[in-house]
Amino acid sequence: YQRRVRVVPMSWDINTLIRYTEGQTVAVKIGKPYTGGRVPLESECEFKDQDLGETFRLLATYNDNSKFYYAGYTHLATLNDSSPEFHAFDWNWSGLKNVSSKNSTLWAGSKGSFTPCHKDSYGCNLHAQVIGCKEWHLWPPETDLGPTRVPYEESSTFSSVDVLDEKYSKSALRIVTTPGDVIFIPRHWWHLARNTETSVSINTWIELPTDPVDRLKEAITRLLVCNLKGTYNQKDWVNPGEEITCQSDNEALLKGALTHCLQSPESVKTGSTSKIDSYFIIDKTKDMIKDSIQQIPLPTRSPAVAVSKDCNIVDTVINSIVCNDQIVDSISEKLFNSFPNFD
């Protein structure tokens, strides 16, 4: 999961980063450090647009333990050409050819900043530590960490439990990355990342042969979540930065994901998808959700997901369906097998 390699130029220090990034605006998250208990939601943090150079200047001397600053998920491709060292970054050392800064994201935060415990819906992850230290907790996909899709973020399933409690932390794989370290996060593994000091890192997601089917499952999830929660205030169920699309766009996304599956080299079913009708797909999906739920004995939801004052009944219904691999696998498989090969 971890190895030490020289992946970044030695001149990557805070002062260099300040000089290269001044005048470039990014979204910065401000919040309280996570030390246990209920995981703070992204919506409970403050977000503001801030000059990236000024953010690095702040991080260089920041020592306030009561709150953190985190400029995360900044695509290096969005930074202008005045940042040559960013654009010179590549992943050739790992055997990944043609994966460069254009496919990478920057994460820079003060001590106490963190990424909530979650697992990604598709791909796997390489994360290179450039400056400072980051503490990781990882769990295998089958670990029950109270999966939830509310708040909703495309391709992310969050944990709803206190993962730092001994009940969960004792089974975690704990790793600390220091400058020059790279950590590999396998497909669907849970991970919590906390900066133990001012930290700068870069990551890339690697596409996998399983991604087409996983994207189909994600499209089903998006359609269901947006339908059940669409009338609610988005601030209450959508993660900041996530864009909620309309019903027709979600249906088009589902059709596209299914088309990709049918055309995928790894797929048993290949051929033309011109005869696939959007309305048929949606009707088929609705029927399969009903059929799949009826076939699963209750209670089926994760034991760690319970109805409480922090989780209303609609959220529980959503999580009982889309966080249940048995149901989602059944829906996607039936939808996939509903279309014969086309000549």
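Residues numbered from 1 in each chain as written. Predicted model: local features only at pLDDT ≥ 70, side-chain atom pairs only at ≥ 80, totals over all residues. Heavy atoms only, no water.

Asks: What should I look at first to understand the packing of helix α5 (residues 211-229) against helix α9 (residues 325-337) in this one?
Replies: A pair of packed helices is characterised by two quantities: the angle between their axes and the separation of those axes. Running from N to C, α5 and α9 point in directions that differ by 110°, and their axes come no closer than 10 Å. Considered as vectors, α5 and α9 are oriented roughly perpendicular to each other. Residues L216, K217 and I220 of α5 touch α9, and the partners they reach there are V328, D329, I331, S332 and L335. Considered class by class, the residues forming the contact of α5 with α9 number five nonpolar, one polar and two charged. (Axes fitted to C-alpha atoms, helices over the stretch in contact; angles between N-to-C directions. Helix = DSSP H or I, 4+ residues; strand = E, 2+ residues; numbered from the N terminus. Parallel < 35°, antiparallel > 145°, perpendicular 65-115°, else oblique. Contact = heavy atoms within 4.5 Å. Nonpolar A, V, L, I, M, F, W, Y, C, P; charged D, E, K, R; others polar.)

Asks: Before we go on, may I ask you to explain the sheet that holds strand β13 (residues 190-195) in this structure?
Replies: The strands that make up a sheet pair up through hydrogen bonds in the backbone, lying either parallel or antiparallel. Taking strand neighbours across the sheet as the criterion, the six strands line up as β9-β10-β6-β13-β8-β11 in an open arrangement whose pairing is antiparallel. Sheet topology places β9 (147-153) and β11 (173-177) at the edges, where each strand pairs with a single neighbour. Between one strand and the next, the sheet's axes are offset by a mean angle of 35°, whatever the strand orientation. (Pairing = 2+ DSSP bridges.)

Asks: Any chance you could explain the confidence of the model for the chain here in plain terms?
Replies: The predicted coordinates ought not to be read in detail in places where the model reports low pLDDT. When pLDDT is averaged along the chain, the result is 81; 79% of the residues meet or exceed 70. Between residues 268-276, whose pLDDT stays under 50, and residues either more than four places distant or in other chains, the model counts 28 contacts. In this model, residues 296-310 is a region of pLDDT below 50 whose contacts with residues beyond four sequence positions or in other chains number 25 contacts. (pLDDT = per-residue confidence, 0-100.)

Asks: Would you mind going over the pattern of salt bridges with me for this structure?
Replies: Any two side chains of opposite charge can pair, given that their charged atoms come close. Under the defined criterion, the tally for this structure stands at 10 salt bridges. R174 is paired through a salt bridge with E135; the nearest N and O atoms lie 2.7 Å apart. In this pair, R174 is assigned in strand β11 and E135 in strand β8 (residues 134-139), connecting sequence segments 39 residues apart. The exposure class of R174 is exposed, given its relative accessible area of 51%. Here E135 ties to R194 by a salt bridge, and the two come within 2.7 Å at their closest N and O atoms. Here E135, found in strand β8, pairs with R194, found in strand β13; they are 59 residues apart in sequence, far enough to count as distant. (Salt bridge = Lys/Arg side-chain N within 4 Å of Asp/Glu carboxyl O. Buried < 20%, exposed > 50% of the residue type's maximum accessible area, 1.4 Å probe, protein only.)

Asks: I would appreciate a short explanation of the pairing of β13 in the present structure.
Replies: On any regular strand, side chains alternate: one points to one face of the sheet, the next to the other face. Buried residues dominate β13, accounting for six of its six residues. The two faces of β13 match: W190, L192 and R194 on one face and H191, A193 and N195 on the other face are all buried. Alignment of β8 against β13, held across six bridges, turns out to be antiparallel. When the sheet's bridge partners are listed, W136 is paired in β13 with A193.

Asks: In this structure, what is going on with unusual backbone geometry? I would like to understand it.
Replies: The bulk of non-glycine residues show a negative phi, and the bulk of peptide bonds are trans. At the junction of V150 and P151, the peptide bond is cis and its omega measures out at 10° in the coordinates. As for its position among the elements, P151 is in strand β9. The backbone of Y73 sits at a positive phi, close to 60°, despite the residue not being glycine. Judged by relative accessible area, Y73 falls into the partly exposed class, the value being 46%. Even without a glycine there, the phi angle at S155 is positive, about 75°. Its place among the elements puts S155 in the loop between β9 and β10 (156-159).

Asks: Where do I start with the environment of P151 in this structure?
Replies: We classify P151 as buried; its relative accessible area is 12%. It is 9.3 Å that separates the C-alpha atoms of P151 and Q234, two residues lying 83 residues apart in sequence. When neighbours within four sequence positions are excluded, P151 is seen to be in contact with L41, F158, W237, V238 and N239.

Asks: Is there a simple way to explain helix α2 (residues 52-61) in this structure?
Replies: Residue pairs three or four apart in sequence face the same way in an α-helix, which turns once every 3.6 residues. Taken residue by residue, α2 has L52, G53, T55, F56 and L59 as its buried positions. On an axial view of α2, the arc spanned by its buried residues comes to 155°, and they lie on one face. The residue sitting at the N-terminus of α2 and contributing the capping side-chain oxygen is D51; that oxygen lies 2.8 Å from the backbone nitrogen of G53. (Arc of directions from axis to C-beta. Polar contact = N/O pair within 3.5 Å; in protein donor to acceptor, adjacent residues only side chain to side chain.)

Asks: What exactly am I supposed to notice about the layout of surface pockets here?
Replies: A water-sized probe, rolled over the atoms, reveals where empty space remains. In this structure, the largest pocket occupies an estimated 1,300 Å³ of space. Classifying every residue of the lining of the largest pocket gives 19 nonpolar, 19 polar and 11 charged. (1 Å grid on protein atoms, 1.4 Å probe; cavity = no way out; pocket = protein on both sides within 12 Å on 5 of 7 lines; lining within 4 Å. Points joined across faces, edges and corners; volume = space filled by probe spheres on them.)

Asks: Would you mind going over empty space enclosed by the protein with me for this structure?
Replies: Under the defined criterion, the tally for this structure stands at two cavities of 30 Å³ or more. Of the volumes computed, that of the largest cavity is approximately 40 Å³. K119, D120, Y122, G123, C124, N125, I185, P186, H188, W189, H191 and W205 together form the lining of the largest cavity. Contributing elements (two or more residues each) for the lining of the largest cavity: β6 (114-120) and β7 (124-131). Counted by class, the lining of the largest cavity contains six nonpolar, four polar and two charged residues.

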